[in-house]
Amino acid sequence: MIVLGLILLIIGLLVGMGLLTTIGSVLIVVGAILWLLGATGRAVGGRKHYF
């Protein structure tokens with residue numbers, strides 16, 4: 001999810017589309033939160049790992 005967010009963020013910045021930049025930023029933040037929760041051992045949504 002973080003990688004997809006980075007790709008969308010870069011494409012959004014290069015093309016100049018604010019919507020892609022916003023979606024990319026949100027995906028990066030959500031991916032980082034899920035990554036941190038998974039790293040601490042907490043199961044989120046019934047899954048321990050998101051990969």
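Just so we're clear, the structure is a prediction, and the values are computed from it rather than from any experiment. In this numbering scheme, every chain counts its residues from 1 along its sequence in written order. Totals for whole chains, interfaces and linings use all residues, but because this is a predicted model, local features are given only for residues with pLDDT of at least 70 and pairs of side-chain atoms are given and counted only at 80 or more. Hydrogen atoms and water are omitted, and side-chain values are computed over all heavy atoms in the structure.

## Focus on the overall build of the protein chain
How we decide: Put simply, DSSP marks the helices as runs of H or I at least four residues long and the strands as runs of E at least two long, and each gets a number from the N terminus on. For the exposure calls, accessible area comes from a 1.4 Å probe over protein chains only, and a residue counts as buried if that area is under 20% of its type's maximum, exposed if over 50%, partly exposed in between. Here, residues are in contact when the closest pair of their heavy atoms is within 4.5 Å. For the accessible areas, the method is Shrake-Rupley and the probe is 1.4 Å, while residue cover comes only from the protein chains on display.
Looking only at helices and strands, the protein chain has two helices and zero strands in total. Buried positions account for 18% of the 51 residues belonging to the protein chain. Sequence separation of 24 or more characterises 24% of the internal contacts of the protein chain that already satisfy a separation of 6 or more. Here the protein chain displays about 3800 Å² of accessible surface, and carbon together with sulfur accounts for 77% of that area.

## What about a nonpolar patch on the surface?
Cut-off, in case you're wondering: Exposure above 30% relative accessible area and no salt bridge define the residues that can form patches, which grow by joining like charges within 9 Å and nonpolar side chains of Val, Leu, Ile, Met, Phe, Trp and Tyr within 5 Å. Counted as salt bridges are all cases of a side-chain nitrogen of Lys or Arg within 4 Å of a carboxyl oxygen of Asp or Glu.
On the surface, Val3, Ile7, Ile10, Ile11, Leu14, Val15 and Met17 cluster together to form a nonpolar patch covering roughly 680 Å² of accessible area. Along the chain, Leu14 turns up in helix H1 (residues 2-15).

## A closer look at H1
For clarity, the threshold we go by: Helix span, expected: 1.5 Å multiplied by one less than the number of residues in the helix. The arc refers to the directions leading from the helix axis to the C-beta atoms.
With 14 residues, H1 should cover 20 Å at 1.5 Å per step; its first-to-last C-alpha distance of 20 Å lies within 8% of that length. Regarding H1, the residues found buried are Gly5, Leu8, Leu9 and Gly12. Projected onto a plane normal to the axis of H1, the buried residues spread over an arc of 105° and lie on a single side. Every exposed residue of H1 that faces more than 90 degrees away from the buried side is listed here: Val3, Leu14 and Val15. Those residues of H1 that are buried are in contact with helix H2 (18-39).

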